[in-house]
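Structural features, examined
These are the residues of each chain, in order.
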Amino acid sequence: MKGTIFGLILLLALSAYKFMPEKTVLKEEVMQDKIEKLLSEMTVEEKVGQMTQITMQSISKQPGNLDTVHMIDTAVVREAITKYHIGSFLNVWQMAYSKEHWHDIINLIQDIALNETKVKIPVIYGIDAIHGVTYTLGATLFPQAISMAASRNPELVKKAGEITAIEMRASGIPWNFNPVLGMGREPLWPRFWETFGEDVHLTTVMGRNYVIGQQGDNMGDPDRVATCMKHYLGYSVPKNGQDRTPAWIPERMVRDIFLPPFEEAVNQGCLTVMVNSGEINGIPTHSDSYLLTEVLKKELGFKGFIVSDWEDIERLHTRDMVAATPKEAVKMAVMAGMDMSMVPFDYSFYELLVELVKDGEVPMERIDDAVGRILYVKMKVGLFDNPYPDESMFNKFATKEFTNINKEAAAEVLTLVKNENDLLPLSKDAKVLVTGPNANKLSVLNGGWTITWQGDMEEAYPHEKNTVLEAVQAKIGTDNVIYAANTEDAVKSAGDADVIVACLGEAPYCETPGNINNLALDSKQIELVHKLSGSGKPIVLVMIQGRPRVMNEIVDKSGAILVAMLPGMEGGDAIADVLFGDNNPSGKLPFSYPKYVNGYTTYDYKPIEEFDVNYVTPQWTFGHGLSYTTFKYSDLKLDKSDYSKTDEIKVSVKVKNTGKRAGKEAVEVYLTDLFGTVTRPVKQLKAFDKILLKPGEEKTVYFSLKSDALAFYGRDNKKVIEPGEFKVTVSNLSQSFTVN
Ligand code: BGC
């Protein structure tokens, strides 16, 4: 009897198991049939229109800003969709719109696409919702990626992705040009803060969680959006540090460092990819058929579509000069594997590509492949079923719950890098001088992609949110706070204060306008700290910035330093909470904070780099971050001392809170491959986990390293695990093992 019931359960379980994959396969098959059918009915013009993306500026009558309401030009939209068959639009003109205005825009676009065209294919609208929905007023705006990486909390990244997707859908927009999966290994680069920092594993994990958060398991759900991993590949490491300039990346580095986060996002079903605006090894990426077609589409099996970056196909002719004419540029890009062109101002791409197809210079198979991919994404994201914005989503926008999650995020991203003699936390009875250029602005906490592209329109920010100054005033009372907006006043008031909080760093910027020639912190800010130190009062520095500005000269002048980077809309309160001990900081640097403007070295450098006495030590290394409590690590154990190449390596370590207050600690596992046929990094992060410990509490943390953690690309640029000696390091403990 028992056996029969057991058998029945097994049978049911097996049939359920069988049913699931079949259902998925069937759905994909149905989609493919639908795509085939659509393709067979479409003209060349209709197909090429699907591959064309136009900006909002081109279909508007008037920009929107604080004084004028943005107005769309219906006649131009109609022409774009009915005459040029445009399949996608992007962006805003000037600044964020209300959700209602977004609904009007998208409704108009879909009405025309669905009622006034033969093919009735819904349009896909895309925006840069980089740390929340940049371009919808009142959105929940999270810490930027560089800060999220400091949290070492992938769950937070997933939640931020999920909430951003909901708020995008509440705005009627189903496609996000995010996450940024290039690695921040060149701090001068003005888009450094859009990255998850310098590490391959950290970027891979955070990117994976973002994609899962936004796309979910069932892409058709009305609160999910399609992600766009970008910028493929190597955009983040231009040799001269300036935006959109050449990178030189050998194949081994492409494979070991830059490809893994993209590969993982593909495995998670990321639906679109945007291409690096610059060039690698002399080849503009928009024309690189090796990276686009051979690696991404064929090797990694990417099923979605590839979109160009802004104007970058035309730039193959106008800027890069690899194409003698605009027409050749279009042919080059499309033949390299480009599926959609962010043209974005005119119909040149459309016209030239139609000509190229008619002349037989671009085969129809390539067009069908591109359009098939675009239709696939439109179906996956549910546009064929639900093309219109849904007003019932309005009440899911910027809820109290979302703000609370944003507060949790802001609380976890702040990194305390120096705290001499426990200067922090400050007493709430102290008289505090708050100063520095970043003390009383919301824009500096958010950076670019906030309400506007540059994020610097302070007057458009939601003033119910607190700047650092306002948050400190709210916490300890206005009477206890002296605010000095300039150096002269600050120096005059220093004598009246018990402690000085100087908020330094950068003003907001985005992309090329953020180019700088010198990573050193602005000399006026350095001078401010020098002058304040003359008062003999303890100084706390709060660094609010998109990239780590070199501050070596003033590190010794200050007792405590909090690296906040870009903590988002709740950042002011979160900073005050840390300053006055209402929150225990738990961030860890996701990059090596440089000590000098030259000789920047990431933490995973090569042995030769410390062989010489002149080895360039950073100011603070990757992974550095202090707490108001102390943690003691012990009993680092491996499950074996000899492993085969396919074994998983099980690691455990005990962590105890030996201080007086509760605290979160990110436990990080580093691996060193002691000898290799190509030089190996001195160490590499391979796993991490964040735990909460009460005072006196001890936990054992377990990790499992897959054999892939040992792999790298060898002399022949092939992936290999080499037998030999390895070492695992967690905090100040290490254990060696061998692989046979
Ligand atoms: C940026 C992209 C962005 C696009 C659309 C480009 O200038 O490089 O990251 O997605 O504009 O706004």
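For clarity, every value in this text was computed on a predicted model and none was experimentally measured. (Residues numbered from 1 in each chain as written. Predicted model: local features only at pLDDT ≥ 70, side-chain atom pairs only at ≥ 80, totals over all residues. Heavy atoms only, no water.)

On a plain count of helices and strands, the chain comes out with 20 helices and 28 strands. Taking 740 residues into account, the globule formula puts the C-alpha radius of gyration at 27 Å, and the chain, at 27 Å, falls close to it. Scored against the burial criterion, the 740 residues of the chain give a buried share of 59%. Considering only contacts within the chain whose residues lie at least 6 apart along the sequence, 78% involve residues at least 24 apart. Carbon and sulfur atoms make up 52% of the accessible area of the chain, which amounts to about 28700 Å² in all. A gap of 5 Å separates the mean positions of the 78 positive and 98 negative side-chain charges of the chain. (Helix = DSSP H or I, 4+ residues; strand = E, 2+ residues; numbered from the N terminus. Rg over C-alpha atoms; globule rule 2.2 N^0.38 Å. Buried < 20%, exposed > 50% of the residue type's maximum accessible area, 1.4 Å probe, protein only. Contact = heavy atoms within 4.5 Å. Areas by Shrake-Rupley, 256 points an atom, 1.4 Å probe, with all protein chains shown as cover. Lys, Arg positive; Asp, Glu negative; His and termini not counted. Charge placed at Lys NZ, Arg CZ, Asp CG, Glu CD.)

Turning to the nonpolar core, a few remarks are in order. Residues Trp102 and Leu353 are the most contacted members of the largest nonpolar core, which totals 214 residues. The next biggest cluster of nonpolar side chains, apart from the first, holds 27 residues, and it includes Ile649, Val655, Val667 and Ile721. (Core = buried A, V, L, I, M, F, W, Y, C linked by side-chain atoms within 4.5 Å.)

Turning to the domain arrangement of the chain, a few remarks are in order. Interfaces are often sized by the amount of accessible area the parts lose when they come together. Taken domain by domain, the chain consists of domain 1 (42–52 + 130–396), domain 2 (414–569) and domain 3 (631–739). One C-alpha centre belongs to domain 1, the other to domain 2, and the line joining them spans 35 Å. The partner domain 2 presents 28 residues to the 22 residues of domain 1 that form the contact. A buried area of about 2000 Å², summed over both sides, lies between domain 1 and domain 2, and 57% of it is on carbon and sulfur atoms. Connecting domain 1 to domain 2 are two salt bridges. A salt bridge links Glu511 to Arg191; the shortest N-O distance between them is 3.9 Å. (Domains from an automatic or database assignment. Buried area = accessible area lost by both parts, 1.4 Å probe. Salt bridge = Lys/Arg side-chain N within 4 Å of Asp/Glu carboxyl O.)

For the rest of this paragraph, the subject is the pairing of strand E14 (residues 432–435). Every second residue of E14 is oriented toward a common face, with Val432 and Val434 on one face and Leu433 and Thr435 on the other, all of them buried. Two elements, E14 and strand E15 (residues 481–484), share four bridges in a ladder whose sense is parallel. Considered in E15, the bridge of Val432 is made with Val481. (Pairing = 2+ DSSP bridges.)

Two aromatic rings, taken as a pair, are described by how far apart their centres are and by the angle between their planes. The tally for this structure, following the rule as stated, stands at 17 aromatic pairs. Taking 5.3 Å as the distance between ring centres and 80 degrees as the angle between the ring planes, the aromatic pair formed by Trp102 and Tyr125 counts as edge-to-face. Of this pair, Trp102 sits in helix H4 (residues 99–115) while Tyr125 sits in strand E5 (residues 124–127), placing them 23 residues apart in sequence. According to the relative accessible area criterion, Trp102 is buried, its value standing at 0%. Judged by relative accessible area, which is 2%, Tyr125 ranks as buried. Aromatic pair Trp189 and Tyr235: ring centres 4.9 Å apart, planes at 80 degrees, arrangement edge-to-face. A residue pair is termed long-range when its members are at least 10 positions apart, and Trp189 in the loop between strand E6 (175–176) and helix H7 (200–215) and Tyr235 in the loop between strand E7 (228–232) and helix H8 (251–267) qualify at 46 residues. Residue classification places Tyr235 among the buried residues on the basis of a relative accessible area of 4%. (Phe/Tyr/Trp six-rings, centres within 6.5 Å; stacked < 30°, edge-to-face > 60°.)

With mixed pairing, the five strands of this open sheet are ordered in space as E20-E28-E27-E22-E23. The sheet is open, and its two borders are formed by strand E20 (642–643) and strand E23 (684–693), each paired with just one other strand. Inspection of the sheet shows strand E22 (residues 663–673) paired to strand E27 (residues 724–730) by four bridges, in the antiparallel sense. For Thr672, the partnering residue across the bridge sits in E27 and is Lys727.

Turning our attention to the site of the ligand. Around the ligand lies a shell of 14 residues, among which Asp128, Arg191, His231, Asp309 and Glu511 are the nearest. Arg191 is positioned such that a nitrogen or oxygen atom in its side chain is 2.7 Å from an oxygen atom of the ligand. In the model, an oxygen atom of the ligand is placed 2.6 Å from a nitrogen or oxygen of the Asp309 side chain. Calculation on the ligand without its partners gives an accessible area of 310 Å², and the protein chains cover 96% of this total. Its residues assigned to classes, the shell around the ligand shows six nonpolar, two polar and six charged. (Near = heavy atom within 4 Å. Polar contact = N/O pair within 3.5 Å; in protein donor to acceptor, adjacent residues only side chain to side chain. Nonpolar A, V, L, I, M, F, W, Y, C, P; charged D, E, K, R; others polar.)

Let's shift gears to the pairing of strand E16 (residues 499–505). Burial analysis of E16 places seven of its seven residues in the buried class, which makes it a mostly covered element. Residues Val499, Val501, Cys503 and Gly505 line one face of E16 and the alternating positions Ile500, Ala502 and Leu504 line the opposite face, and both faces are buried. For E14 and E16, the ladder comprises four bridges, and the chain directions are parallel. Opposite Thr435, over in E16, you have Ala502 as the bridge partner. Alignment of E16 against strand E17 (residues 539–544), held across six bridges, turns out to be parallel. Within the sheet, the bridge partner assigned to Ile500 lies in E17 and is Ile539.

Under the definition given, this model contains zero disulfides. In this structure Cys270 is not part of a disulfide, and its nearest cysteine sulfur, from Cys228, lies 6.7 Å away. A residue is classified by how much of its surface remains accessible, and Cys270, at 3% relative accessible area, is buried. (Disulfide = S-S within 2.5 Å.)

Next up on the list: the sheet that holds strand E21 (residues 649–657). The strand order across the open sheet formed by three strands is E19-E21-E24, and the pairing between neighbours is antiparallel. Every interior strand has two partners, whereas the edge strands, strand E19 (631–638) and strand E24 (698–705), have only one. Here the strands of the sheet are splayed against their neighbours by 20 degrees on average, with no regard to which way each runs. Across eight bridges, E21 lies against E24 in antiparallel orientation. Each bridged residue has a counterpart across the sheet, and for Ser652 the counterpart in E24 is Tyr702. (Axes fitted to C-alpha atoms, helices over the stretch in contact; angles between N-to-C directions.)

Turning next to the pattern of salt bridges. With the rule as written, the count across this model stands at 48 salt bridges. Between Glu116 and Arg78 there is a salt bridge; the shortest N-O distance is 2.8 Å. On the criterion of sequence distance, the pair formed by Glu116 in the loop between H4 and E5 and Arg78 in helix H3 (residues 74–83) is long-range, its members being 38 residues apart. According to the relative accessible area criterion, Arg78 is partly exposed, its value standing at 34%.

Now for the packing of helix H11 (residues 326–336) against helix H12 (residues 348–358). At a closest axis distance of 9 Å, the pairing of H11 and H12 adopts a crossing angle of 75 degrees. In this view, H11 runs roughly perpendicular relative to H12, as classed from their interaxial angle. On H12, the residues touching Pro326, Lys327, Val330, Lys331 and Val334 of H11 are Phe349, Leu352, Leu353, Glu355 and Leu356. A per-class count over the contact of H11 with H12 returns seven nonpolar, no polar and three charged. (Parallel < 35°, antiparallel > 145°, perpendicular 65-115°, else oblique.)

The next point concerns H12. Within the span of H12, buried status applies to Phe349, Tyr350, Leu352, Leu353, Val354, Leu356 and Val357. Positive backbone phi, at 75 degrees, marks Gly360, one or two positions downstream of H12.

This part covers the packing of helix H16 (residues 468–476) against helix H20 (residues 571–579). Here H16 crosses H20 at 50 degrees, and the two axes come no closer than 8 Å. The angle between the axes of H16 and H20 places the two elements in the oblique class. Crossing hand, H16 versus H20: right-handed. Of H20, the residues touching H16 (which contributes Val468, Ala471, Val472 and Lys475) are Gly572, Asp573, Ile575, Ala576, Asp577 and Leu579. (Left-handed = near helix turned anticlockwise from the far one by under 90°.)

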